[in-house]
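In case you want the letters, here they are:
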Amino acid sequence: MARYRELSVRGTPIHLLQDGAGPALLFLHGAGGAGRWLDFQAGLAKELTVYFPSHPGHGGSPAAEWIDHISDLAFHYLDLLDELGLDRVHLAGASFGGWIAAELATMASHRFASLVLIDPVGIKVDGWIYPFLFGMDIPEVVATVFHNPMAALALAPPDQSVETLALQYRQGTAVARVAWNPYLYDPLLRRRLARITAPTLLCWGAHDRLAPLAPCGETWQKEIPGARLRVFADSGHLPHLEEPAAVAAAVLEFCRSREGAR
């Protein structure tokens, strides 16, 4: 069972789950993925010490009014690494969390032994406009994000209480503060991806409808020097939820190879 921690990062309170042993990995979740220790994280913790914080405004972490750009979240996580006393770690992020991870890697690649991006958003891709999730009802979101709709149950709210609805509103607001306009991308990020020197693995669902393999995954691979691309045949936008064992195995294999190269 993951250990629950409450920390203060330069005055910003956050909630963090931690488990495992071995080299450190920081995992950054997507929208709606806060505070849920699922099969994917448990798989990683077999060989790694996994640090899984909730973004400010997500899960149990209170909103932080000073965050109004994606780079604010990136600097927040550099501060978290300092708070945890972690000098060089493996970094992984999914979807919105992958966007944050990519921003982090352009700023401070020397802090990361490896970088794993799972179907990230965050860049403007020629010929593609991300579907507008904020305007969809729940069935539309599930159909857009998941290849197997049953996998969405992993992120389903526990109930429809006032507290749960308030949490969902707070999380949506926190994402919108940094991702509404422009929608789901940072105009400066794509040209900065060439700065990433950390060995990079891209994990992509073959059936992603939010950020499709072609053109999105292919563009990320082209822009990040030396990036490897692994495609998961039975997944949509969140392969770590639809094929957790396979994605965890791929991430562990990649991290293991980087540990051997140190």
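Residues numbered from 1 in each chain as written. Predicted model: local features only at pLDDT ≥ 70, side-chain atom pairs only at ≥ 80, totals over all residues. Heavy atoms only, no water.

J.: Could you give an account of the nonpolar core, naming the residues involved and the relevant values?
T.: Formed by 53 residues in total, the largest nonpolar core has its most connected members in Leu26, Leu80, Tyr130 and Trp220. Each residue touching Tyr130, except ones within four places of it in the same chain, is listed here: Val121, Gly122, Ile123, Val125, Tyr183, Leu184, Tyr185, Leu210, Ala211 and Cys216. (Core = buried A, V, L, I, M, F, W, Y, C linked by side-chain atoms within 4.5 Å. Buried < 20%, exposed > 50% of the residue type's maximum accessible area, 1.4 Å probe, protein only. Contact = heavy atoms within 4.5 Å.)

J.: Any chance you could break down the environment of Trp128 for me, citing the residues and the numbers?
T.: Residue position: Trp128 is located in the loop between β6 (112-118) and α4 (138-145). It is 15 Å that separates the C-alpha atoms of Trp128 and Asp186, two residues lying 58 residues apart in sequence. Beyond its immediate sequence surroundings of up to four residues, Trp128 is in contact with Arg209, Leu210, Ala211, Pro212, Pro215 and Cys216. One polar contact links the side chain of Trp128 to the main-chain carbonyl oxygen of Leu210, over a distance of 3.1 Å. (Helix = DSSP H or I, 4+ residues; strand = E, 2+ residues; numbered from the N terminus. Polar contact = N/O pair within 3.5 Å; in protein donor to acceptor, adjacent residues only side chain to side chain.)

J.: Describe the layout of surface pockets, and please don't skip the residues or the numbers.
T.: In this structure, the largest pocket occupies an estimated 1200 Å³ of space. For the largest pocket, the lining is made up of 47 residues, of which Ala31, Gly32, Val141, Leu155 and Gln171 are closest to its centre. Taken together, the elements giving at least two residues each to the lining of the largest pocket come down to α4, α5 (162-179) and α8 (239-242). Here the element with the most residues in the lining of the largest pocket is α5; it accounts for six residues. When grouped by side-chain class, the residues that make up the lining of the largest pocket number 30 nonpolar, 16 polar and one charged. If you add up the space inside the second largest pocket, you get close to 150 Å³. For the second largest pocket, the lining is made up of 14 residues, of which Pro56, Ala63, Ala64, Ala174 and Arg177 are closest to its centre. Of the residues belonging to the lining of the second largest pocket, the class tally is seven nonpolar, four polar and three charged. (1 Å grid on protein atoms, 1.4 Å probe; cavity = no way out; pocket = protein on both sides within 12 Å on 5 of 7 lines; lining within 4 Å. Points joined across faces, edges and corners; volume = space filled by probe spheres on them. Nonpolar A, V, L, I, M, F, W, Y, C, P; charged D, E, K, R; others polar.)

J.: Tell me about the sheet that holds strand β4 (residues 49-53), and please be specific about residues and values.
T.: The eight strands are arranged β1-β2-β4-β3-β5-β6-β7-β8 in an open sheet whose pairing can be described as mixed. Strands at the two margins of the open sheet, each flanked by one partner only, are β1 (3-9) and β8 (228-232). Going across the sheet, the axis of each strand differs from the next one's by a mean of 20°, ignoring polarity. Pairing analysis gives four bridges linking strand β3 (residues 24-28) to strand β5 (residues 89-94), with the strands arranged parallel. When the sheet's bridge partners are listed, Leu28 is paired in β5 with Gly93. Docked against the sheet, helix α7 (residues 213-223) engages β6, β7 (200-205) and β8, running at close to 175° with respect to β7. (Pairing = 2+ DSSP bridges. Axes fitted to C-alpha atoms, helices over the stretch in contact; angles between N-to-C directions.)

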